[in-house]
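Observations on the model geometry
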Amino acid sequence: MCMTSAGPSAALTTIDIVVSIPKKGDKFVDAQHLEIILRVLVAHGVLTEELIGRAESPTSLQRRYATTSTLKFLVDVQDVDSLIPMVDLLMDSVTVTPLQFIQETVLDNIAEPFVLAHGKKNLKYMEIDKRFIKVLNEGMASHAQIFVKLLLDHEHYRGFDGLNSLVDVGGGVGTVMAMILEKHHNLRGINFDLSHVVANGALILEHVRIEELKDVDPQTSLLNYICDETDYKGTKRGCGEGGCGSCV
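Our subject in this report is the structure included herewith.

Definitions and limits used
Residues numbered from 1 in each chain as written. Predicted model: local features only at pLDDT ≥ 70, side-chain atom pairs only at ≥ 80, totals over all residues. Heavy atoms only, no water. Axes fitted to C-alpha atoms, helices over the stretch in contact; angles between N-to-C directions. Helix = DSSP H or I, 4+ residues; strand = E, 2+ residues; numbered from the N terminus. Parallel < 35°, antiparallel > 145°, perpendicular 65-115°, else oblique. Left-handed = near helix turned anticlockwise from the far one by under 90°. Contact = heavy atoms within 4.5 Å. Nonpolar A, V, L, I, M, F, W, Y, C, P; charged D, E, K, R; others polar. Core = buried A, V, L, I, M, F, W, Y, C linked by side-chain atoms within 4.5 Å. Buried < 20%, exposed > 50% of the residue type's maximum accessible area, 1.4 Å probe, protein only. Phe/Tyr/Trp six-rings, centres within 6.5 Å; stacked < 30°, edge-to-face > 60°. Expected span 1.5 Å × (residues − 1). Polar contact = N/O pair within 3.5 Å; in protein donor to acceptor, adjacent residues only side chain to side chain.

With that settled, the discussion passes to the packing of helix 9 (residues 130-153) against helix 10 (residues 175-183). The interhelical angle for the contact between helix 9 and helix 10, taken along N-to-C directions, is 20°, at an axis separation of 9 Å. By the angle between their axes, helix 9 is roughly parallel relative to helix 10. The interaxial crossing formed by helix 9 with helix 10 has right-handed handedness. Here helix 9 contributes Ala 141, Ala 144, Gln 145, Val 148, Lys 149, Leu 152 and Asp 153 to the contact with helix 10, which in turn contributes Thr 175, Val 176, Met 179, Ile 180 and Lys 183. The class makeup of the residues in the contact of helix 9 with helix 10 is seven nonpolar, two polar and three charged.

Structure below.
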């Protein structure tokens, strides 16, 4: 946070950053470990690095770090879209723990890593862990909001012109569609997802609980069912790779 508050043109040394970080009790920030973290962030393009001093005197060289445009998505600043919820999702113990069981899954073919870690498949697990479903919904929405906002703010984008309704299959709590409907008031928004997901869905949408769909042939994909058996026949395939599960 100290780097973003210092301004986009500020170049700070490790010590500059250390002294700006608030202390917690008697704990101090380890400058050497911080230096390693800063170098990693430079390698990934989050920060830039500049060497100050005389090349013939290595001990006089000093590294100064400055922010890039990428960093603004990784800090919690008011009125700035952030990817922090997505980072929280990726680092959550529910997400990370299954990685420990990949070897067993590959070599022994006994169960999915998530099942080995949590005793249930992911969709069943989310029905009982309200904390994680909140983390998941916020994480999935955070990165989508950034791209959709850019799309909606683009003066030449006319992708929603001429439409009467918009269907999102696996749309979570409807954050993205709500953004679209707030700008295109003529649209009717319909979101298909699981009951425990849409329970906290955006009020501006119509939410359809997938479990409540009647007389669905097990061999019929959700996408085909929506196109053939509902009024939303213009629903299109998305990635086609099973991302939301509607086409498989």
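From this point, the narrative continues.
Bringing the nonpolar core into the picture now. Leu 89, Phe 132 and Leu 136 are the most contacted members of the largest nonpolar core, which totals 13 residues. Secondary structure elements with two or more residues in this core: helix 4 (84-91), helix 8 (122-128) and helix 9. Counting residues per element, this core draws most heavily on helix 9, which supplies four residues. In this structure Leu 89 touches Thr 95, Phe 132, Val 135, Leu 136, Gly 139 and Met 140, once residues within four positions along its chain are discounted. In this structure, Val 18, Leu 38, Tyr 65 and Val 75 belong to the second largest nonpolar core, which totals 11 residues.

With that out of the way, let us pick up the packing of aromatic side chains. Under the counting rule described, the total for this entry stands at three aromatic pairs. A centroid spacing of 6.5 Å and a plane angle of 65° characterise the contact between Tyr 125 and Phe 132, whose relative ring orientation is edge-to-face. Of the two residues, Tyr 125 and Phe 132, both sit in the buried class. Each residue in the set Phe 114, Tyr 125 and Phe 132 is aromatic and connected to the rest through ring pairs, giving one cluster.

Attention now moves to the environment of Glu 35. Turning to its location among the elements, Glu 35 is positioned in helix 3 (residues 31-43). Linking Glu 35 and Ile 15, residues 20 residues apart in sequence, is a C-alpha distance of 9.3 Å. Once residues lying within four places of it in the same chain are set aside, the contact partners of Glu 35 are Thr 14, Arg 63 and Tyr 65.

Before going further, it helps to examine helix 3. The terminal C-alpha atoms of helix 3 lie 18 Å apart, and with 13 residues this matches the ideal 18 Å at 1.5 Å per residue to within 8%. For helix 3, the capping residue at the N-terminal end is Asp 30, with a side-chain oxygen 2.9 Å from the backbone nitrogen of Gln 32. In the stretch just after helix 3, Gly 45 is the one whose phi turns positive, near 75°.

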